[in-house]
Amino acid sequence: MSCSNPWGHMQINRLKRRELIALLGGAAVAWPLGVRARQPDEVRRIGVLMGRVASDPEGQKQAAALQRGLEELGWLSRRNVEIDYRWQTDDASQRQAFAKELVELKPDILVVNSTPALAAAQRATGTIPIVFVAVADPVAQGFVQTLARPGGNITGFAAEEPSMGAKWMELLKDIAPRVGPITVIFNPNSAPFASMFLPSMEAVRPSSSLKLIVSPVLSETEVEHAITAAGRQPSSGLIFLPDSFLNSRPEMIVAMVAKQNLPAIYSIPSFPRSGGLIAYGIERADVFHRAAAYVDRILRGAKPGDLPIQFPIKFELVINLKTAKALGLTVPPTLLARADEVIE
């Protein structure tokens, strides 16, 4: 049977389309947020827990490197991504509060720098993806299951490997050949991984007469005591391990070391730039820049537990010639030729 009014079909079809749209729209509202696909223009949120204080130029450089890496991958601040920062604090309860604050902002992903910050983030969430940056020995510290398949919600970029201990010993001997006992300084709360460097240091000691003195410190006062104690021994040298507590105090530590007139090697360039003798370590800004690729992959659907742990590929050697001269040291030309930066 045919309808004599062709407009009737059109009205019925329009009605059916309206009902269908209304039905689908209602179903979409009823779907859980996790099931609904994200819209292409939806703004994503990244929480960043830094291992440096906000006033630290190196920390600002690292944050800028991360943001530059994200921009290169199409993530533009205030356009399709919002980035919330929390900065380094020595107060463990405050650090945990910062991690909780970031989690409560409901970010799509967290980027975390330093062992204490990662521990705080791990306690704060077991579901939000976490990309760590420059954290040493993540398997031994219990953050991930294996390097190849981290598992869980955490992956990232490791820091110095155990063999770096030998490098620091060798460089200190190269620049200060007559150095005698060497004191290794670190804060066990912020660098619980410190012991991993000691075997390689022991392996390259030139003789049993050269003592390796391990000096854990928990406060600025204890740092000063350790440096002063080293200064009482003839021909002493110092190694400051990578440590967010120490790394946030380059000017203070360099002044203490200068007072004792001691050669010292550090793991980050802010120390020689503040007047320290020599630094050798990973180029941390580069690691932050590379971390953007993992953030991008996870935001596009990858699971952090499936992304293998990455290792540093760039290192930097910085020497302060003015400080060497003040210590009466002649820097070998071969060492100068290897330096990425020489401060005169």
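Parameters at a glance
- Residues numbered from 1 in each chain as written.
- Predicted model: local features only at pLDDT ≥ 70, side-chain atom pairs only at ≥ 80, totals over all residues.
- Heavy atoms only, no water.
- Helix = DSSP H or I, 4+ residues; strand = E, 2+ residues; numbered from the N terminus.
- Buried < 20%, exposed > 50% of the residue type's maximum accessible area, 1.4 Å probe, protein only.
- Polar contact = N/O pair within 3.5 Å; in protein donor to acceptor, adjacent residues only side chain to side chain.
- Contact = heavy atoms within 4.5 Å.
- Expected span 1.5 Å × (residues − 1).
- Arc of directions from axis to C-beta.
- Phe/Tyr/Trp six-rings, centres within 6.5 Å; stacked < 30°, edge-to-face > 60°.
- Axes fitted to C-alpha atoms, helices over the stretch in contact; angles between N-to-C directions.
- Left-handed = near helix turned anticlockwise from the far one by under 90°.
- Nonpolar A, V, L, I, M, F, W, Y, C, P; charged D, E, K, R; others polar.
- Pairing = 2+ DSSP bridges.
- Core = buried A, V, L, I, M, F, W, Y, C linked by side-chain atoms within 4.5 Å.

> A description of the side chain of Asn80 should follow, citing residues and the corresponding values.
Turning to its location among the elements, Asn80 is positioned in the loop between α2 (57-72) and β2 (81-86). Owing to a relative accessible area of 19%, Asn80 belongs among the buried residues under this scheme. Of note is the side chain of Asn80, whose polar atom sits 2.9 Å from the backbone oxygen of Gly74. For Asn80, the residues in contact, after removing those within four places along its chain, are Glu42, Val43, Arg44, Gly74 and Trp75.

> Kindly report on helix α7 (residues 220-231), identifying the contributing residues and their values.
For α7, which comprises twelve residues, the first-to-last C-alpha distance of 17 Å matches the rise-based estimate of 16 Å (1.5 Å per residue) to within 8%. Within the span of α7, buried status applies to Val223, Ala226, Ile227 and Ala230. Viewed along the axis of α7, the buried residues span an arc of 95 degrees, placing them on a single side of the element. Residues of α7 that are buried sit in contact with β6 (182-186), β7 (212-216), β8 (237-240), α8 (244-247) and α9 (250-260).

> Go over the packing of aromatic side chains with me, naming the residues and quoting the values.
Applying the stated rule across the entire model yields seven aromatic pairs. Each ring, one from Phe240 and one from Tyr266, has its centre 5.1 Å from the other, and the planes form 15 degrees; the classification is stacked. Of this pair, Phe240 sits in strand β8 while Tyr266 sits in strand β9 (residues 264-266); the two residues are 26 residues apart in sequence, bridging distant segments of the chain. Residue Tyr266 is classed as buried on the basis of its relative accessible area, which comes to 1%. Measuring from ring centre to ring centre gives 6.0 Å for Tyr280 and Phe315, while their planes differ by 20 degrees; the resulting arrangement is stacked. Of this pair, Tyr280 sits in strand β10 (residues 278-282) while Phe315 sits in strand β11 (residues 315-320), and the two are 35 residues apart along the sequence.

> Tell me about the packing of α2 against helix α11 (residues 284-299), residues and numbers included.
It is the contact of α2 with α11, at a shortest axis distance of 7 Å, that shows an interaxial angle of 35 degrees. For the element pair α2 and α11, the recorded crossing hand is right-handed. Facing Lys61, Gln62, Ala65, Leu66, Arg68, Gly69, Leu70 and Glu72 of α2, the residues of α11 in contact are Arg284, Ala285, Phe288, His289, Ala292 and Val295. For the contact of α2 with α11, the class distribution of residues is seven nonpolar, three polar and four charged.

> Residues and numbers for the sheet that holds strand β1 (residues 44-49), please.
The sheet built from five strands is open, its strands ordered β2-β1-β3-β4-β5 with parallel pairing. One side of each edge strand has no neighbouring strand; the edge strands of this open sheet are β2 and β5 (154-158). Taken over all neighbouring pairs, the strand axes of this sheet differ in orientation by 20 degrees on average, direction set aside. Relative to β5, strand β4 (residues 130-135) runs parallel, the two sharing five bridges. Bridging across to β5, Val131 finds its partner in Thr155. Lying over the sheet, helix α3 (residues 92-104) contacts β1, β2 and β3 (109-113), oriented at roughly 175 degrees with respect to β1. Where helix α4 (residues 115-124) meets the sheet, its contacts fall on β1, β3, β4 and β5, and the angle it forms with β4 comes to roughly 160 degrees.

> Can you tell me about the environment of Ala203, naming the residues and giving the values?
Inspection of the secondary structure assignment puts Ala203 in helix α6 (residues 198-203). Assessed through its relative accessible area of 62%, Ala203 is described here as exposed. Once the C-alpha coordinates of Ala203 and Ala166 are considered, the two residues, 37 residues apart in sequence, prove to be 7.4 Å apart.

> Tell me about the nonpolar core, and please be specific about residues and values.
Counting residues in each nonpolar core, the largest one holds 64 residues, and the members touching the most others are Ile46, Trp168, Ile175, Met201, Ile239, Leu241 and Ile278. In this structure, Trp168 is in contact with Glu160, Phe197, Met201, Ile239, Leu241, Pro242, Ile265, Tyr266, Ser267 and Tyr280, ignoring residues within four places of it in sequence. If you look at the next biggest cluster of nonpolar residues, it comprises 21 residues, including Leu49, Phe98, Ala117 and Ala120.

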